[in-house]
Amino acid sequence: MSGVNYDVTIHPTPVVVKVQVSIDVAATQLKAEIKDIPSVTVDFKPADDSSIGEKIMSGLVWPLAELLGHTVAGEIIESIGEGQTFDVAKIPEIAIDYDPVHVTLKPNNLSLSNYQGKLLLMGDVDFA
């Protein structure tokens, strides 16, 4: 039985998405916003390691595969969308219970910065 067999290539490779990270200080919530998504194309090429039947079938439906690949890639990128914001992590309170001592460490005055090319989260800890 023959089917279709394609090698799929995505351009550009790698796909680089620019994201801005921020912190909601009141909610101690780390957030990210998609700032830039490049245009992506998906190319289909009948696979070299296909059987003769697969090569024939893949060649016959190749224009349809290309059309679908370009359409689907565009729809996926549009559904992700620049400007979308999502929660990355909640900075938790930490409860320490060691009878008879009960302490809760609460993050406060949180800020983000760059330290040697890495994201640095700084702040104070309140004891309750």
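Residues numbered from 1 in each chain as written. Predicted model: local features only at pLDDT ≥ 70, side-chain atom pairs only at ≥ 80, totals over all residues. Heavy atoms only, no water.

Caption draft 1: Spatial organisation of the nonpolar core. Within the largest apolar cluster, 5 residues are counted, these being Y6, V42, F44, A65 and A73. Listed by contribution, the elements that provide at least two residues to this core are strand 4 (41–46) and helix 1 (52–80). Among residues more than four places away in sequence, those in contact with A73 are V40 and V42. (Core = buried A, V, L, I, M, F, W, Y, C linked by side-chain atoms within 4.5 Å. Buried < 20%, exposed > 50% of the residue type's maximum accessible area, 1.4 Å probe, protein only. Helix = DSSP H or I, 4+ residues; strand = E, 2+ residues; numbered from the N terminus. Contact = heavy atoms within 4.5 Å.)

Caption draft 2: Quick look at the pattern of salt bridges. Tallying each qualifying case throughout the model produces 3 salt bridges. Where K45 meets D48, a salt bridge forms, and the shortest distance between an N and an O atom there is 3.5 Å. (Salt bridge = Lys/Arg side-chain N within 4 Å of Asp/Glu carboxyl O.)

Caption draft 3: Here's a closer look at helix 1. Between the first and last C-alpha of helix 1 there are 39 Å, a value that for 29 residues agrees with the 42 Å anticipated at 1.5 Å per step. A bend of about 55 degrees at V61 is the largest found in helix 1, and the proline P63 appears one to four places after it. Three or more residues of helix 1 are buried, namely S58, A65, E66, G69 and A73. (Expected span 1.5 Å × (residues − 1). Bend = angle between axes of the 7 residues up to and from the residue.)

Caption draft 4: Focus on the environment of I37. Relative to the helices and strands, I37 resides in the loop between strand 3 (29–36) and strand 4. Sequence separation of I37 and V17 is 20 residues, and the distance between their C-alpha atoms is 5.0 Å. Setting aside anything within four residues of it in sequence, one finds I37 in contact with V17, I77, I80, G81 and E82.

Caption draft 5: View of the pairing of strand 3. Examined bridge by bridge, strand 2 (residues 18–24) and strand 3 share 7 bridges and lie antiparallel to one another. Among the inter-strand pairings, Q20 is bridged to a residue of strand 3, identified as E33. Remark: 4 residues form the turn of the hairpin made by strand 2 and strand 3, two consecutive strands paired antiparallel; T28 in that turn has positive phi of roughly 45 degrees. Of the pairings in the sheet, the one linking strand 3 to strand 5 (residues 85–90) comprises 5 bridges and is antiparallel in character. If you follow K31 over to strand 5, its bridge partner there is D87. (Pairing = 2+ DSSP bridges.)

Caption draft 6: The sheet that holds strand 6 (residues 94–98), seen in detail. Spatially, the 3 strands line up as an open sheet ordered 6-7-8, and their pairing is antiparallel. Whereas interior strands pair on both sides, the edge strands pair on one side only; in this sheet they are strand 6 and strand 8 (118–127). Averaged over neighbouring strand pairs, the angle between their axes works out to 30 degrees when direction is ignored. The pairing of strand 7 (residues 101–115) with strand 8 spans 9 bridges and is antiparallel. The residue of strand 8 that forms the bridge with L112 is L121. (Axes fitted to C-alpha atoms, helices over the stretch in contact; angles between N-to-C directions.)

Nothing here speaks to function; it is all geometry.
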